[in-house]
Amino acid sequence: MRQLFMLHNESRQKMKKRFQLTFIRHQLMVTLLLLPLFATTPSVIIQEISAFTIAPMTGTSNMIIRSHVCHERLLKPRSILFRTLQNAKDGDESDTNNDDQDCIGDKIRESTGKRPSLNPTIINTLSQALSLRSSNDPKFPMEVSPTVTALEVAIAAGKLATKAIEKRATSSKAVKGDESSAFTPEESQLIAGRVVGVVMRWKELEELLIQRVKDSSWVLKYREESSFGVLVEECHVQGDGDDDVDVMVKNKLKGDPLLRMCRAECLYALFLKNVEWPTMKKLGQVSENEDVGVDFLDKDRMRVLFPDE
């Protein structure tokens, strides 16, 4: 009887987790759909999405989420990302905690009071988004097309970011004493906002990236295009583009993780310095970690991407 009770209890826990995950996915969709209805104190993720319509990089944008902001009190306790963290924290601790572990987490980092960088998670998620775009996965559309709307892409990118946040929340419990490395609700909103922001600007950011590479004589001379995640063929395309080159790029990105990672880093850096930070400045606010700058790129790539600095 005790074994039957334990099996029954375990089954209930699994069903509860599946229900919570389903609820989380639906809440993300509702949050994005209801976004234009709120307009008060801004928060990070909403500011980022508003930046998409306030300061597009080139021309007009077909993003249908309007540039309204959401009340901070409504986002934090009720947001999809907050519930994601709560779901991870309320999970079955017996699956992740081990009483025999001797590790006590990163006490050196904790003693400094500094939080873990968000950039690795954002860059890895963008790399995964590039891979999904190359694969044309219908479950995770990463590019607007005649059959895929901008809202569908935004929701898919948000789900991808949420998965990365869930993974971090789970892994933070794997080592005793490292629970504080899980992302806070504010950090989660920032991660999701930046991922969605880059994904919704693929075309503009990639065009800018290729132009900066083409303008650098040493990159072309020494064939260093790949360190920026760019193919040589992209630098020789004239006009509005070449379908054959587009297919070649997607196939190469799909099979080359290093090329994909380099491209994700450069696109993310261009987004921060050309979209998010200037937009936040116009709103009279300072973006998170702006004082640190783009610390994930080496000096050579920084000089190519931002020649005026």
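Look a little higher up for the structure.
Residues numbered from 1 in each chain as written. Predicted model: local features only at pLDDT ≥ 70, side-chain atom pairs only at ≥ 80, totals over all residues. Heavy atoms only, no water.

J.: Now, about the pattern of salt bridges: what can you tell me, with residues and values included?
T.: Under the definition given, this model contains 10 salt bridges. A salt bridge links Glu234 to Arg263, with the shortest nitrogen-to-oxygen separation between them at 3.0 Å. Of this pair, Glu234 sits in the loop between α10 (217-221) and α11 (243-255) while Arg263 is found in helix α12 (residues 257-282), placing the two residues 29 residues apart along the sequence. Each member of the pair, Glu234 together with Arg263, is buried. For Asp300, the salt bridge is made with Arg303, and the minimal N-O distance between the two is 3.2 Å. Within this pair, Asp300 and its partner Arg303 are both found in helix α13 (residues 299-305), separated by 3 residues, close to a single helical turn. Each of the salt bridges in this network shares a partner with another, and the network as a whole consists of Arg133, Glu206, Glu234 and Arg263. (Salt bridge = Lys/Arg side-chain N within 4 Å of Asp/Glu carboxyl O. Helix = DSSP H or I, 4+ residues; strand = E, 2+ residues; numbered from the N terminus. Buried < 20%, exposed > 50% of the residue type's maximum accessible area, 1.4 Å probe, protein only.)

J.: Which residues make up α11, and what values go with them?
T.: Helix length check: α11 (13 residues) gives 19 Å between terminal C-alpha atoms against 18 Å at 1.5 Å per residue, within 8%. The set of residues buried in α11 consists of Val245, Val249 and Leu253. Buried residues of α11, seen end-on, are gathered within an arc of 65° and therefore sit on one face of the element. Turned more than 90 degrees away from the buried face of α11 sit Asp243, Asp244 and Gly255, all of them exposed. The elements touched by buried residues of α11 are α6 (119-135) and α12. (Expected span 1.5 Å × (residues − 1). Arc of directions from axis to C-beta. Contact = heavy atoms within 4.5 Å.)

J.: So what's going on with the packing of aromatic side chains? Which residues, and what values?
T.: On inspection of all chains with the given rule, the structure shows 1 aromatic pair. Pairing Tyr268 with Phe296 gives two aromatic rings, centres 5.1 Å apart and planes at 15°, and the pair type is stacked. Of this pair, Tyr268 sits in helix α12 while Phe296 sits in the loop between α12 and α13, placing them 28 residues apart in sequence. The pair formed by Tyr268 and Phe296 is uniform in burial state, with each residue classed as buried. (Phe/Tyr/Trp six-rings, centres within 6.5 Å; stacked < 30°, edge-to-face > 60°.)

J.: How would you explain the nonpolar core if you had to name every residue and give the values?
T.: Residues Met142, Val199, Leu209, Phe228, Tyr268 and Leu305 are the most contacted members of the largest nonpolar core, which totals 54 residues. Taken together, the elements giving at least two residues each to this core come down to α6, α7 (150-171), α8 (185-199), α9 (202-214), α12 and α13. Residues in contact with Tyr268, not counting those within four places in the same chain, are Asn119, Ile122, Ile123, Leu126, Arg194, Val198 and Phe296. In this structure, Val237, Val245, Val249 and Leu253 belong to the second largest nonpolar core, which totals 6 residues. (Core = buried A, V, L, I, M, F, W, Y, C linked by side-chain atoms within 4.5 Å.)

J.: Explain the packing of α8 against α12 to me, using residue names and the numbers behind them.
T.: Here α8 crosses α12 at 100°, and the two axes come no closer than 10 Å. Considering the angle they form, α8 stands roughly perpendicular to α12. Contact with α8, carried on its side by Arg194, Gly197 and Val198, involves Leu267, Tyr268, Phe271, Leu272, Glu276 and Trp277 of α12 and no other residues of that element. (Axes fitted to C-alpha atoms, helices over the stretch in contact; angles between N-to-C directions. Parallel < 35°, antiparallel > 145°, perpendicular 65-115°, else oblique.)

J.: Explain a negative patch on the surface to me, using residue names and the numbers behind them.
T.: A cluster of like negative charges, contributed by Asp242, Asp243, Asp244 and Asp246, occupies part of the molecular surface. Locating Asp244 in the fold gives a position in helix α11. The exposed category is assigned to Asp244, whose relative accessible area is 60%. (Patch = residues over 30% accessible without salt bridge, like charges linked within 9 Å, V, L, I, M, F, W, Y side chains within 5 Å. Areas by Shrake-Rupley, 256 points an atom, 1.4 Å probe, with all protein chains shown as cover. Lys, Arg positive; Asp, Glu negative; His and termini not counted. Charge placed at Lys NZ, Arg CZ, Asp CG, Glu CD.)

The values reported here are purely geometric and, on their own, carry no functional implication.
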